[in-house]
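A closer look at the structure
Below, each chain spelled out in residue letters.
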Amino acid sequence: MVTWPGTPFLKSSKKHQASTTRMDINSQQLLQRTVFFPSGDKYTGEWLDNKKHGRGTQVWNKSGAVYSGEWKRGRPDGHGTYSVLLQEAKVYAKKYCGEWKNGRKHGYGTNVYSNSALYEGVWSEDQRAGWGKMNYENGDVYEGEWMKDKHHGHGIIRYANGNWYEGGWREGKKHGKGKVYYPDKGQLYEGLWVDGDAKCGTFCDFGREKAATPTKYPIPQLQSVYLNKANHGETK
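These numbers come from a predicted model, not from an experiment.

Another point: the overall build of the protein. Counting its secondary structure elements, the protein contains two helices and 16 strands. Considering only contacts within the protein whose residues lie at least 6 apart along the sequence, 14% involve residues at least 24 apart. Accessible surface for the protein amounts to roughly 14900 Å². Of this, 52% is attributable to carbon and sulfur atoms.

Right, here's the structure in full:
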């Protein structure tokens with residue numbers, strides 16, 4: 001959560017002094033102003049009741065970060081973009097673009113963690129929650145349900161090596177029914193997972209004819225002995 005320290009003051013000039021008086025007299029009217037803070041921070045935008053309210057841009061002097069978008073009662077609320085200054089390149093890079101509520105990421109938005117790590121989806125009070133897609137730095141990609149910043153519910157994770165898992169999740173771990181596909185081997189594992197560990201399941205061939213490096217021998221199909229005998233007119 002971003003904090004907003006310091007008491008604002010308007011740039012000293014007769015014009016700004018007159019604006020300050022007018023703002024105090026009619027605080028219910030949205031006014032467009034540039035305000036400087038003792039910390040060196042600067043805000044340019046709309047005000048209501050002596051608070052940032054409406055559309056505006058805040059620049060933090062120490063970090064060089066910038067928020068530009070909608071405000072409500074002094075905090076980002078609505079749609080907005082938060083960017084950081086890359087000191088070496090002297091350019092701004094977007095970190096988050098999307099919905100906000102009471103100063104926190106809330107609703108649909110995109111957050112950039114690094115050049116190769118990015119999340120696009122639903123947020124709740126600064127945490128990934130709901131449906132979203134996460135691209136990780138190692139090349140893995142998860143798309144599915146989230147809760148409190150962790151995979152939770154149903155989702156698919158595609159690993160950088162080409163394998164993927166589809167099924168249930170709980171608090172960031174595989175949990176419940178799920179399937180793991182091994183396209184390079186042409187195999188599929190299906191079973192039950194508990195806290196990230198496979199507990200009970202079966203292996204079978206899946207797409208073996210298209211696999212790059214299939215196993216030497218195919219996995220034989222399992223059949224019921226009782227049914228097999230019944231098909232040949234035999235009984236126990």
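Here we take up the environment of Gln127. Relative to the elements of secondary structure, Gln127 occurs in strand E10 (residues 127-135). What Gln127 contacts, discounting residues up to four positions off in sequence, is Val122, Lys148 and Asp149.

Pairing geometry for strand E5 (residues 66-72) and strand E6 (residues 75-86), over six bridges, is antiparallel. Within E6, the residue paired with Ser68 across the bridge is Thr81. In this antiparallel pair of consecutive strands, E5 and E6, the connection spans two residues, and Arg73 shows a positive phi of 55 degrees. Bridge analysis of E6 against strand E7 (residues 91-101) gives nine bridges, and the strand direction is antiparallel. Counted as the bridge partner of Gly80 is Gly98 from E7. Where E6 folds back on E7, the antiparallel hairpin that results is connected by four residues, among which Lys90 adopts a positive phi of roughly 60 degrees.

Attention now moves to the side chain of Lys52. Relative to the elements of secondary structure, Lys52 occurs in strand E4 (residues 51-59). With no salt bridge to any partner, buried Lys52 finds its closest opposite charge in Asp41, at an N-O distance of 7.3 Å. A distance of 2.8 Å separates a polar atom in the side chain of Lys52 from a polar atom in the side chain of Gln58.

What follows is about the packing of aromatic side chains. Applying the stated criterion across every chain yields a total of 18 aromatic pairs. A ring pair is formed by Tyr119 and Trp146, whose centres lie 5.4 Å apart and whose planes are at 80 degrees; its orientation type is edge-to-face. Taken together, the residues span a long stretch of sequence, with Tyr119 in strand E9 (residues 118-124) and Trp146 in strand E11 (residues 141-147) at a distance of 27 residues. With respect to class, Tyr119 is no different from Trp146; both count as buried. With centroids separated by 6.0 Å and ring planes inclined at 35 degrees, the aromatic side chains of Tyr182 and Phe203 adopt a geometry described as tilted. Residue Tyr182 is located in strand E14 (residues 173-182), and its partner Phe203 is located in strand E16 (residues 197-205); the two are separated by 21 residues in the primary sequence.

Here we take up the pairing of E5. Across six bridges, E4 lies against E5 in antiparallel orientation. Along E5, the bridge assignment pairs Arg55 with Glu70. In sequence, E4 turns back onto E5 through a hairpin of six residues, with Gly64 there showing a positive phi of about 80 degrees.

Moving on to the pattern of salt bridges. Pairing is possible between side chains of opposite charge, provided their charged atoms come close. Scanning the entire structure with this criterion turns up six salt bridges. Among the salt bridges present, the one from Asp126 reaches Lys105, with a minimum N-O distance of 3.5 Å. Highlighted residues: Asp126 in the loop between E9 and E10 and Lys105 in strand E8 (residues 104-112), separated in sequence by 21 residues. Note on Asp126: relative accessible area 23%, which makes it partly exposed. Using a relative accessible area of 16% as the deciding quantity, one classes Lys105 as buried. The residue Asp195 makes a salt bridge to Arg170 at a minimum N-O spacing of 3.0 Å. On the criterion of sequence distance, the pair formed by Asp195 in the loop between strand E15 (187-194) and E16 and Arg170 in strand E13 (residues 164-170) is long-range, its members being 25 residues apart.

Definitions and limits used
- Residues numbered from 1 in each chain as written.
- Predicted model: local features only at pLDDT ≥ 70, side-chain atom pairs only at ≥ 80, totals over all residues.
- Heavy atoms only, no water.
- Helix = DSSP H or I, 4+ residues; strand = E, 2+ residues; numbered from the N terminus.
- Contact = heavy atoms within 4.5 Å.
- Areas by Shrake-Rupley, 256 points an atom, 1.4 Å probe, with all protein chains shown as cover.
- Pairing = 2+ DSSP bridges.
- Buried < 20%, exposed > 50% of the residue type's maximum accessible area, 1.4 Å probe, protein only.
- Lys, Arg positive; Asp, Glu negative; His and termini not counted.
- Salt bridge = Lys/Arg side-chain N within 4 Å of Asp/Glu carboxyl O.
- Polar contact = N/O pair within 3.5 Å; in protein donor to acceptor, adjacent residues only side chain to side chain.
- Phe/Tyr/Trp six-rings, centres within 6.5 Å; stacked < 30°, edge-to-face > 60°.

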